[in-house]
Amino acid sequence: MIFDLIKERRSIFPPQYIDKPIAKETLEKILEAANWAPTHKKTEPWRFKVLTGNKKQELGVFLSNKYEETDPRPKQIKIKKLQFNPSNSGAVIAICMQRDPKESLPEWEEIASVAMAVQNMWLCCTELGIGSYWSSPGLIKYMDEFFDLNEGERCLGFFYMGYFEGDVIPSARTPIANKVEWLD
Ligand SMILES: Cc1cc2nc3c(=O)[nH]c(=O)nc-3n(C[C@H](O)[C@H](O)[C@H](O)COP(=O)(O)O)c2cc1C
């Protein structure tokens, strides 16, 4: 049931991923789910760049170089992590948002729509036994140097994916009652 799937969904990180490729048809199915996200004025602002094979390594090299270049005191451990995460994933999907050229909506609505598309992918991954998580490092502001972004297109992060092994670390939430006001 969708309620169980929603509760089961977790952020599962690249160190848990195993060396098992994700079939192209599976990736296509997950992306198709993203495409059915709600979209105000039907702008369909989600854009995805699917990185597999050597392109994942290239992303890792780009991110780690950029980090070394821009951080006054870069740490070896972080350099290694920036390279490891993409290369150890089955696929990395860059999450992008295409601003409506007419600006017929506030930007937050476009971002909200992209986030809903990501949730669709995340839930599909849960059902398919694929670990995944949304990563949003500060380095995403440089992604126009790695991707050929269109005018008004912005990278909002990376969706790391991989079949995984090991236990899923439980997550927790504070009670919903603390966040809801009932008005009658
Ligand atoms: C927009 C967004 C950006 C996120 N960025 C990061 C990130 O940069 N690094 C990270 O470790 N987790 C990131 N996360 C995942 C959250 O840390 C995670 O959802 C949270 O810890 C709750 O865990 P759960 O997803 O297992 O329920 C992000 C989640 C969202 C929705």
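Just so you know, these numbers come straight off a predicted model, no measurement behind them.

> Help me get a handle on the nonpolar core, residues and values and all.
Among the nonpolar cores identified, the biggest contains 33 residues, and Val 92, Ala 94, Ile 95, Met 121, Phe 159 and Met 161 are the most heavily contacted of them. Looking at this core, the elements that each hand over two or more residues are helix 2 (24-34), strand 1 (46-51), helix 3 (54-70), strand 2 (91-98), helix 5 (107-128) and strand 4 (153-163). Apart from the residues lying within four places of it in its own chain, the contact partners of Phe 159 are Val 92, Ile 93, Ile 95, Val 118, Met 121, Ser 132 and Trp 134.

> Kindly report on the sheet that holds strand 4, identifying the contributing residues and their values.
Strand order in the open sheet formed by four strands is 1-2-4-3, and the pairing between neighbours is antiparallel. Two strands in the sheet have a free side with no partner beyond their single neighbour: strand 1 and strand 3 (130-135). The sheet shows a mean angle of 25 degrees between the axes of neighbouring strands, taken without regard to direction. By the bridge criterion, six bridges tie strand 3 to strand 4 in an arrangement that is antiparallel. Counterpart to Ile 130 in the pairing with strand 4 is Tyr 163.

> Just give me the short version of the UniProt feature "domain: Nitroreductase" (unreviewed entry) in the chain, but keep the residues and values in it.
The feature "domain: Nitroreductase" (unreviewed entry), as annotated in UniProt, sits at residues 6-163 in this numbering. Counting secondary structure, residues 6-163 comes out at 41% helix and 20% strand; the distance between its end C-alpha atoms is 19 Å.

> Explain the pairing of strand 4 to me, using residue names and the numbers behind them.
For strand 4, the buried fraction is high: eight of the 11 residues fall into the buried class. Here eight bridges tie strand 2 to strand 4, and the two strands are oriented antiparallel to one another. Looking across to strand 4, one finds that Gln 98 is bridged to Glu 153.

> Pulling in residues and values, what's your account of helix 5?
Given 3.6 residues to a turn, an α-helix orients residues that are three or four positions apart in the same direction. The terminal C-alpha atoms of helix 5 lie 32 Å apart, and with 22 residues this matches the ideal 32 Å at 1.5 Å per residue to within 8%. Along helix 5, the residues that are buried comprise Glu 110, Ser 113, Val 114, Ala 117, Val 118, Asn 120, Met 121, Trp 122, Cys 124, Cys 125 and Thr 126. Those residues of helix 5 that are buried lie in contact with helix 1 (2-8), helix 2, strand 1, strand 2, strand 3 and strand 4.

> Please set out helix 3 residue by residue, giving values where relevant.
Between the first and last C-alpha of helix 3 there are 24 Å, a value that for 17 residues agrees with the 24 Å anticipated at 1.5 Å per step. Of all the positions in helix 3, only Leu 59, Gly 60, Leu 63, Ser 64 and Tyr 67 are classed as buried. The buried residues of helix 3 all sit within an arc of 120 degrees when viewed along its axis, so they share a single face. The exposed set on the far side of helix 3, more than 90 degrees from its buried face, consists of Asn 54 and Glu 69. Turning to helix 3, the residues buried within the fold contact strand 1, helix 4 (76-87) and strand 2.

How each quantity is defined
Residues numbered from 1 in each chain as written. Predicted model: local features only at pLDDT ≥ 70, side-chain atom pairs only at ≥ 80, totals over all residues. Core = buried A, V, L, I, M, F, W, Y, C linked by C-beta atoms within 7 Å. Buried ≥ 20, exposed ≤ 12 C-beta atoms within 10 Å, placed from the backbone. Helix = DSSP H or I, 4+ residues; strand = E, 2+ residues; numbered from the N terminus. Contact = placed C-beta atoms within 7 Å. Pairing = 2+ DSSP bridges. Axes fitted to C-alpha atoms, helices over the stretch in contact; angles between N-to-C directions. UniProt positions renumbered as here; feature names shortened; annotations may be inferred. Expected span 1.5 Å × (residues − 1). Arc of directions from axis to C-beta.

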